[in-house]
Amino acid sequence: MRQGSDPAESPHKPALRAIPPGLHLISTPIGAARDITLRALDVLAGADVLVAEDTRTLRHLMEIHGVPLGTRQVIAYHDHSGEGQLQRLLGLMAEGKSLAYASEAGTPLISDPGFELVRAVAAAGLPMSAAPGPCAAICALTLSGLPSDRFFFAGFPPSAQGARRTFLADLAAVQATLILYESPKRLAALLSEMVTVLGPARQVVVCRELTKRFEEVLRGGAADLAEQVAQRDIKGEIVVLVDRAPPSEVTEESIAEALDQALKTMSVKDAATFVSQTLGVPRKIAYKIALDRQG
Ligand code: SAM
């Protein structure tokens, strides 16, 4: 949280409600401090124990919003905390304590720690809730102008060139807007791999420093953006979004191929329905070709 950090701007009056036992995940700002939700502040004000990926960041966030820590403990929990720390947290919950958990920024578990903890809480049958809020992936999707009906969050691409190429090749045909996180140092390399693997015309959007002072959204074809970025010294936090692959051309041959596959396990009627739906062709046409294939 780097903006709007004047405590006087944010007089939070916590709801006078006890926080029930169990784990309470809270999302925290990805830039503008005032993006915290009132419910997240209530949880921070009322939980018995505070747990954070970065205890300093959480303390600072509470200071900004005037949430007193009092005598409560702030326990560190991150990907390297180990089984002992996990068991300690489960023990506290089993004793009836309420725990608030925040990762460093945004939504816990989204390219951030928390998964093992949530899985363990679910397996132990302990109560759990989430106070939703900021998430860079969703913020970027809403600003991108790319279709939002279906999206695929792929996290951080691998840093080694070969692994990154395979990673992109696996995503190339996904029929959804792709959302990736990337470090500014590797952005130029990622975009140039996109040109090679996804093609120069694939539409890409780069969202930088969302909710912060230097927020910026760049849109264009992969080649165009790769060129723009190569000429600049890009800094800050980055989300990269990629439009879905254009639909491949449907020909009589491709319908016949799809039907041959489907007919291995389906009746003519079912195969025709399936192929007409997956390729978007009239069922009558798929049915006629299926009958011809049956001979
Ligand atoms: N849990 C976080 C969330 O909900 O978005 C993500 C944590 S991940 C360790 C950090 C990455 O998220 C950054 O490297 C960047 O790719 C993306 N990110 C976080 N804040 C951002 C922002 N303000 N603008 C653009 N990208 C951001």
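Residues numbered from 1 in each chain as written. Predicted model: local features only at pLDDT ≥ 70, side-chain atom pairs only at ≥ 80, totals over all residues. Heavy atoms only, no water.

S.K.: Residue-level account of the overall build of the protein chain, with values.
M.R.: A count of helices and strands for the protein chain gives 11 helices and 10 strands. Its C-alpha atoms give the protein chain a radius of gyration of 24 Å, clearly above 19 Å, the size a compact globule of 295 residues would have. Dimensions of the protein chain, computed from C-alpha atoms along their principal axes, come out at roughly 80 × 50 × 35 Å. Looking at the protein chain as a whole, 44% of its 295 residues are labelled buried. On the protein chain, roughly 15,300 Å² of surface is accessible, and the fraction owed to carbon and sulfur atoms is 54%. (Helix = DSSP H or I, 4+ residues; strand = E, 2+ residues; numbered from the N terminus. Rg over C-alpha atoms; globule rule 2.2 N^0.38 Å. Buried < 20%, exposed > 50% of the residue type's maximum accessible area, 1.4 Å probe, protein only. Areas by Shrake-Rupley, 256 points an atom, 1.4 Å probe, with all protein chains shown as cover.)

S.K.: Any details on the domain arrangement of the protein chain? Residues and values, ideally.
M.R.: As far as domains go, the protein chain holds domain 1 (22-134), domain 2 (137-242) and domain 3 (252-294). Computed over C-alpha atoms only, the centres of domain 2 and domain 3 are separated by 36 Å. (Domains from an automatic or database assignment.)

S.K.: So what's going on with the nonpolar core? Which residues, and what values?
M.R.: Leu180, Leu187, Leu191, Met194, Val204, Val206 and Val240 are the most contacted members of the largest nonpolar core, which totals 23 residues. Those elements giving two or more residues to this core turn out to be helix H6 (161-171), strand E7 (177-182), helix H7 (187-198), strand E8 (203-208), helix H8 (222-230) and strand E10 (238-242). Looking at this core element by element, the count peaks at five residues for H7. Sequence-distant contacts of Met194, defined by excluding residues within four places in its chain, comprise Leu168, Leu180, Gly199, Val204, Ala222, Val240 and Val242. Residues Leu44, Leu61, Val74 and Ala102 belong to the second largest nonpolar core, which totals 18 residues. (Core = buried A, V, L, I, M, F, W, Y, C linked by side-chain atoms within 4.5 Å. Contact = heavy atoms within 4.5 Å.)

S.K.: Just give me the short version of helix H3 (residues 82-94), but keep the residues and values in it.
M.R.: Residues spaced three or four apart along an α-helix face the same direction, because each turn holds 3.6 residues. Helix length check: H3 (13 residues) gives 19 Å between terminal C-alpha atoms against 18 Å at 1.5 Å per residue, within 8%. Listed as buried for H3 are Gln85, Leu86, Leu89, Leu90, Leu92 and Met93. Seen from one end, H3 has its buried residues packed into an arc of 155 degrees, which puts them on one side. Summarising the geometry of H3, the exposed residues directed more than 90 degrees from the buried face are Glu83, Gly84 and Ala94. Residues of H3 that are buried sit in contact with strand E1 (22-26), strand E2 (49-52), strand E3 (74-76), strand E4 (98-102) and helix H4 (115-123). At the C-terminal side of H3, Gly96 shows a positive phi close to 100 degrees. (Expected span 1.5 Å × (residues − 1). Arc of directions from axis to C-beta.)

S.K.: Give a detailed account of the environment of Val118, specifying residues and quantitative values.
M.R.: Following the sequence through the fold, Val118 ends up in helix H4. The class of Val118 is buried, set by a relative accessible area of 17%. On a C-alpha basis, the gap between Val118 and Pro184 in space is 30 Å, while along the polypeptide they are 66 residues apart. Other than its neighbours up to four places away in sequence, Val118 contacts Leu23, Leu25, Leu109 and Met128.

S.K.: Tell me what's going on with helix H11 (residues 283-294), and back it up with residues and numbers.
M.R.: Between its first and last C-alpha atoms H11 spans 16 Å; for 12 residues at 1.5 Å apiece the expected length is 16 Å, and the two agree. Along H11, the positions that sit buried rather than exposed are Ala286, Ile289 and Ala290. Angular distribution of buried residues about the axis of H11 spans 105 degrees; they occupy a single face of the element. For H11, the exposed residues set more than 90 degrees away from the buried face come down to Lys284, Lys288 and Asp292. Structurally, H11 contributes buried residues whose contacts are with helix H9 (252-263) and helix H10 (268-279).

S.K.: Before we move on, can you summarise the sheet that holds E1 with the specific residues and values?
M.R.: Reading across the sheet, the five strands line up as E3-E2-E4-E1-E5 and stay open at both edges, with parallel pairing between neighbours. Two strands lie at the open edges of the sheet, namely E3 and strand E5 (128-131), each paired on one side alone. Each strand of the sheet is rotated relative to its neighbour by a mean of 25 degrees, with strand direction disregarded. Sheet topology note: the E2/E3 ladder contains three bridges and is parallel. Paired with Ala52 across the strands is Ala76, a residue of E3. (Pairing = 2+ DSSP bridges. Axes fitted to C-alpha atoms, helices over the stretch in contact; angles between N-to-C directions.)

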